[in-house]
Amino acid sequence: MPRNKDIKKVLVIGSGPIIIGQAAEFDYAGTQACRSLKEEGLEVVLLNSNPATIMTDKDIADRVYIEPLTVEVVEQLILKEKPDSVLPTLGGQAGLNLAMELDEKGFLKEHNVRLIGTTAQTIKKAEDRQEFKDTMEKIGEPVAASKVVTTVEDGLAFTNTIGYPVVLRPAYTLGGSGGGIAHNEYELREILENGLRLSRVGEVLVERCIAGWKEIEYEVMRDSAGNCITVCNMENIDPVGVHTGDSIVVAPSQTLGDKEYQMLRTSALNIITELGITGGCNVQYALKPDSFEYCVIEVNPRVSRSSALASKATGYPIAKVAAKIALGYTLDEIPNAITGKTYASFEPMLDYCVVKIPRLPFDKFITAKRTLTTQMKATGEVMSICHNFEGALMKAIRSLEQHVDCLMSYDFSELSGHSVTPPELADYPLICMEPGTVTRQYLDDFFLPYHLTISPDIELATTDLITPMAVNNLGVGFVPRPFAESALKEGKVFEIELTESIPEREICVISRTDTPISLAGNAFLHLFSECPQKE
């Protein structure tokens, strides 16, 4: 389908000030989209209240307005610039909320301005909690037992029928703002009052708590012709109950079987089709660990924080493609900028692993409540890429700039034998894979630690993460960095060798004296990059 020739001048709404859950990711997406629109010869007008962004540079858009993101300002700007279209899906929740308010007032229709990228009805179906629930039930997609309430008394009455704990999710908010998990009436009243105040429409979804299930995300693209692809699927190492922005995330998923993967992929494509979304969409699922039961948590009908992660992880320019789709192009008409040969209708295939770890700000905000729930608290994140999960995890840990080289650099002795619940994860964000006997509740066995006796003289606590395949693919192994540094000081040189005489999940490190020491651990063998090859 060729580009819609009626679109000549587009107003792009930015994401506004940098806040938790809405930061540089949307600047990244908005910049991509503005450039994509200008490639098509369109006149681009940008509105953003934050001058400390790349998208507000004079070269990104034809006209840049640094003004408050309010309905009044947008109305004045439309009257002055007279755009024929508004693109709200790249400004996070702020852009969607402004678009909905303008549409509800009838201002856009009155001045012949259309919403592109998505429609007001689509936004309402995805963001309005009751509409979303009704839509999911219509197409047979499972959702947790829930009810939309507008008063604290209604919330208390419904909770008394389903029991505590319950999850509270306000409508039209970002990063779980105003939401949380209530375990008793006091917490319910406190969270519900705050959620009703922060919701644009004064609605909060009270939902049966399914904390402990796996949380899986799918990033999906759809065009106006109905073509759909999944760009990427991601697995939250932390279970449902911890906001995805505060969770360690790995792409692609590590613990899903093909049946589970295809089941959720089919569901995501059905959801984006029913909602009628054109462009990018993020679908979040809760998957019961010991069965194929799942629930749809929510859908973001816009470029999200996860979209930026998926885009960088796969090389698929989600925001750029979403902007092209908003102009009327279909996926099979948009060239892939990376390959130069294929088109955007081809799903990316990952032969590597990406890990994202959040950067929690409790070292700066020492009086903040140090619990992780459905309301996001991370102020940043790091992303790493490697051929396997182990390597990507170690790169990400070092990128956190917390003066640690590997998981063995942490001191968990005080927690020996202790079981850490999700609310405590803020204090121990990497405890799921730390050496020792500490475990985190609800985690998949793939991510749980165990003890391994290495030799009669050496015992090292390690994780069940090391596989011979990692060594075969990379030609390197993993050893604890403290041990490696000690060995280097003593003048020892180690080389990697796999032997059939050791268990499958161990790596054999051979010294020059050919004294075998069976090791498994947590740090890249970058220290040995200058070692001579074994003859």
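Residues numbered from 1 in each chain as written. Predicted model: local features only at pLDDT ≥ 70, side-chain atom pairs only at ≥ 80, totals over all residues. Heavy atoms only, no water.

Peer 1: Hey, could you run me through the overall build of the protein in this one?
Peer 2: For the protein, the count of helices and strands is 14 helices and 25 strands. For the protein, with 535 residues in total, the buried portion stands at 57%. For the protein, restricting intrachain contacts to residue pairs at least 6 apart in sequence, the fraction spanning at least 24 positions comes to 66%. Here the protein has roughly 22600 Å² of accessible surface; of this, 50% comes from carbon and sulfur atoms. (Helix = DSSP H or I, 4+ residues; strand = E, 2+ residues; numbered from the N terminus. Buried < 20%, exposed > 50% of the residue type's maximum accessible area, 1.4 Å probe, protein only. Contact = heavy atoms within 4.5 Å. Areas by Shrake-Rupley, 256 points an atom, 1.4 Å probe, with all protein chains shown as cover.)

Peer 1: Can you help me understand unusual backbone geometry in this one?
Peer 2: Working note: non-glycine residues mostly have negative phi, and peptide bonds are mostly trans. A cis amide bond, omega -5 degrees, links Tyr164 with the succeeding residue Pro165. Position of Pro165 relative to the elements: it lies in the loop between helix H7 (152-162) and strand E7 (166-170). For the peptide bond that leads from Ala251 to Pro252, omega is -10 degrees, which places it in the cis range. Considering the arrangement of structural elements, one finds Pro252 in the loop between strand E12 (249-251) and helix H9 (258-275). In the Ramachandran plot, Lys82 falls in the positive-phi region, its phi being about 50 degrees despite a non-glycine side chain. In this model, Asn112 sits at a positive phi of 55 degrees, which is unusual for a non-glycine residue. Along the chain, Asn112 falls in the loop between helix H4 (107-110) and strand E5 (114-115). Asn112 gets classed as exposed once you look at its relative accessible area, which sits at 68%.

Peer 1: In this structure, what is going on with the confidence of the model for the protein? I would like to understand it.
Peer 2: Interpreting fine coordinate detail is not advised for predicted regions of low pLDDT. In this model, the protein carries a mean pLDDT of 75, and residues with pLDDT of at least 70 account for 73%. A low-confidence stretch, residues 415-442 (pLDDT under 50), is modelled with 87 contacts involving residues beyond four sequence positions or located in other chains. Contacts from residues 491-535, a stretch scored under 50 in pLDDT, to residues over four places away or in other chains number 115 contacts. (pLDDT = per-residue confidence, 0-100.)

Peer 1: What exactly am I supposed to notice about the side chain of Glu298 here?
Peer 2: Mapped onto the elements, Glu298 comes out in strand E14 (residues 294-300). Of note is the side chain of Glu298, whose polar atom sits 3.4 Å from the side chain of Arg129. Non-local contacts of Glu298, meaning those with residues more than four positions away in its chain, are made with Arg129, Phe132, Asn282, Val283 and Gln284. (Polar contact = N/O pair within 3.5 Å; in protein donor to acceptor, adjacent residues only side chain to side chain.)

Peer 1: Honestly, the pattern of salt bridges in this entry has me stumped. Any pointers?
Peer 2: Pairing of side chains with opposite charge becomes possible as their charged atoms draw close. Taken as a whole, this structure holds 17 salt bridges when the rule is applied. Between Lys105 and Glu75 there is a salt bridge, and its shortest N-O distance comes to 2.8 Å. Taken together, the residues Lys105 in helix H3 (residues 92-105) and Glu75 in helix H2 (residues 71-81) connect sequence positions 30 residues apart. The salt bridge involving Arg189 is made with Glu185; its shortest N-O contact spans 3.2 Å. Of this pair, Arg189 and Glu185 both sit in helix H8 (residues 185-198), 4 residues apart, which is roughly one turn of the helix. (Salt bridge = Lys/Arg side-chain N within 4 Å of Asp/Glu carboxyl O.)

Peer 1: What should I look at first to understand H9 in this one?
Peer 2: Since the α-helix turns once every 3.6 residues, residues separated by three or four places project in the same direction. In a regular helix each residue adds 1.5 Å, so 18 residues correspond to 26 Å; H9 covers 26 Å between its end C-alpha atoms and thus fits that length. Of the residues making up H9, those classed as buried are Glu260, Leu264, Arg265, Ser267, Ala268, Leu269, Ile271, Ile272 and Leu275. Where H9 is buried, its residues touch helix H5 (120-127), helix H6 (129-138), strand E10 (214-222), strand E11 (228-236), strand E13 (279-287) and E14. (Expected span 1.5 Å × (residues − 1).)

Peer 1: Explanation requested: the pairing of E13 in the structure shown.
Peer 2: A regular strand places its side chains so that they alternate between the two faces of the sheet. Counted residue by residue, E13 has 9 buried out of 9 residues, so it is predominantly covered. Pairing geometry for E10 and E13, over 9 bridges, is antiparallel. By the bridge assignment, Tyr218 is partnered in E13 with Val283. Sheet analysis places E13 next to E14, joined by 6 bridges and oriented antiparallel. Note that in E14 the partner of Tyr285 across the bridge is Val296. Counting the residues that bridge the hairpin from E13 to E14 gives 6 residues. (Pairing = 2+ DSSP bridges.)

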